[in-house]
Amino acid sequence: ACIAGRDGLGQLPGGRVRMELMKLVAATHAVPTLIAMADAGLLLRVLGGVGYLASFENMAKMEAALGTPPDPVRRLGALAVWVAEDAERLWQKLRLFNSEHERLASMAEGWRRISPALGEARARALLYRLGPQPFADHALLGWARSAERVADAAWRELATLPQRWAAPVFPLKAADFIKRGMAAGPSLGEALRAAEAAWIEAGFPGDAAALNGIVEAGKAAAAAAASQNR
C-alpha cells in the first residue's frame with residue numbers, strides 16, 4: 001500500500017513526514033524497513049537525498065552495544081547527513097525543529113574530526129567545548145562510519161567518555177583578574193579567553209597555585225594582543 005501510494009508523499013506536509021520518520025528510525029525493525037523503502041524508491045522521496053543505510057545500521061548496533069536508547073535525531077544523522085548541506089535540506093524538507101537542525105548541522109561538521117587518535121586529553125578538551133550530547137553525537141557517528149567494528153575498545157572508550165568524566169566548570173571569573181590589577185574592558189575579556197584556553201591545555205587544574213599561574217598567563221596574553229592592535 002505504501003509503494004502504491006508513494007506519489008501522494010508530495011502532498012503531505014513536511015511536519016507530518018518528520019513525525020512519522022522520527023518514529024520509524026527509532027523503531028525495533030528500522031533497518032529492514034528502511035532497506036525496503038530504499039528498494040522501492042520511497043526513501044529518496046522522503047529524504048530528498050541519498051540514504052546511508054550502512055552507517056544507519058552501524059549506529060543501531062553501536063547504541064545497542066552501549067545500552068543507549070535509540071536517539072531519533074542521531075539516527076537521522078547517520079541515515080541522511082554527510083555534509084552540512086544535507087542538514088539544511090532536511091531542515092527545510094521535513095520542517096525539523098531548530099534544535100534538531102542544530103544537532104544535525106553539528107554532526108555534519110564534527111563526525112570526521114573525532115577518533116580515538118585524539119587521545120584522552122584532547123578528547124576531554126573537545127567534550128568540555130561541545131558538551132555531552134554533541135560529543136556523543138560526533139563520536140557515535142564517527143564510529144559508525146569508521147572501519148572499526150562494534151567491539152572496538154578504543155572507539156567504545158571514546159564514545160563513553162561523557163559517562164566516565166564530567167567536564168568541570170571554568171573556575172576563574174572577571175573578578176579574579178580585577179583583583180590582580182586588570183581594568184574592565186576588552187582586554188579583560190581577552191584575558192579570560194586566554195586563561196580558559198590555558199586551563200584546558202593544562203588538564204583542568206583546580207589548585208590555587210596552578211590557577212594563579214593561569215591568571216598571569218591570561219593577563220600576559222591580553223597585554224600582548226593589546227600591543228599588537230595599537
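**Q** Quick rundown of the side chain of H138? Include the residues and the values.
**A** With respect to the secondary-structure elements, H138 resides in helix 9 (residues 132-144). In this structure, H138 is in contact with S106, M107, G110, W111, I114 and L130, ignoring residues within four places of it in sequence.

**Q** Give a description of the side chain of R145 that names residues and reports values.
**A** Locating R145 in the fold gives a position in the loop between helix 9 and helix 10 (153-159). Buried charged residue R145 carries no salt bridge. Nearest counter-charge: D86, at 7.0 Å. Of note is the side chain of R145, whose polar atom sits 3.4 Å from the side chain of S55. A distance of 2.8 Å separates a polar atom in the side chain of R145 from the backbone oxygen of V81. Residue contacts for R145: discarding those within four places in its chain leaves Y52, S55, G77, A78, V81, W82 and W111.

**Q** An account of the pattern of salt bridges is needed here, citing residue identities and associated values.
**A** Under the counting rule described, the total for this entry stands at 13 salt bridges. Note that D137 is salt-bridged to R74, the shortest N-O span being 2.7 Å. A residue pair is termed long-range when its members are at least 10 positions apart, and D137 in helix 9 and R74 in helix 5 (residues 72-80) qualify at 63 residues. Classification of D137 as buried rests on a relative accessible area of 2%. The salt bridge partner of R124 is E120, with a shortest N-O separation of 3.1 Å. Taken together, the residues R124 and E120, both in helix 8 (residues 119-130) and 4 residues apart, mark about one turn of the helix. Classification of R124 by relative accessible area gives partly exposed; the value is 28%. Owing to a relative accessible area of 32%, E120 belongs among the partly exposed residues under this scheme.

**Q** I'd love a proper account of the packing of helix 1 (residues 14-25) against helix 5, names of residues and values included.
**A** Helix-helix packing: each pair is described by the crossing angle between the helix axes and the interaxial distance. In contact at an axis separation of 9 Å, helix 1 and helix 5 are set at 90 degrees when each is read in the N-to-C sense. Relative to helix 5, helix 1 is oriented roughly perpendicular. Of the residues in helix 5, those touching helix 1 at L21, M22 and V25 are P72, V73, R75, L76 and L79. Across the contact of helix 1 with helix 5, the residue classes tally to 7 nonpolar, no polar and 1 charged.

**Q** Account for the nonpolar core, with residues named and values stated.
**A** Among the nonpolar cores identified, the biggest contains 63 residues, and L47, L76, L90 and L104 are the most heavily contacted of them. No other element matches the 6 residues that helix 9 contributes to this core. Ignoring anything within four residues of it in the chain, the contact list for L104 reads V73, L76, G77, V81, A87, L90 and L96.

Criteria and thresholds
Residues numbered from 1 in each chain as written. Predicted model: local features only at pLDDT ≥ 70, side-chain atom pairs only at ≥ 80, totals over all residues. Heavy atoms only, no water. Helix = DSSP H or I, 4+ residues; strand = E, 2+ residues; numbered from the N terminus. Contact = heavy atoms within 4.5 Å. Buried < 20%, exposed > 50% of the residue type's maximum accessible area, 1.4 Å probe, protein only. Lys, Arg positive; Asp, Glu negative; His and termini not counted. Salt bridge = Lys/Arg side-chain N within 4 Å of Asp/Glu carboxyl O. Polar contact = N/O pair within 3.5 Å; in protein donor to acceptor, adjacent residues only side chain to side chain. Axes fitted to C-alpha atoms, helices over the stretch in contact; angles between N-to-C directions. Parallel < 35°, antiparallel > 145°, perpendicular 65-115°, else oblique. Nonpolar A, V, L, I, M, F, W, Y, C, P; charged D, E, K, R; others polar. Core = buried A, V, L, I, M, F, W, Y, C linked by side-chain atoms within 4.5 Å.

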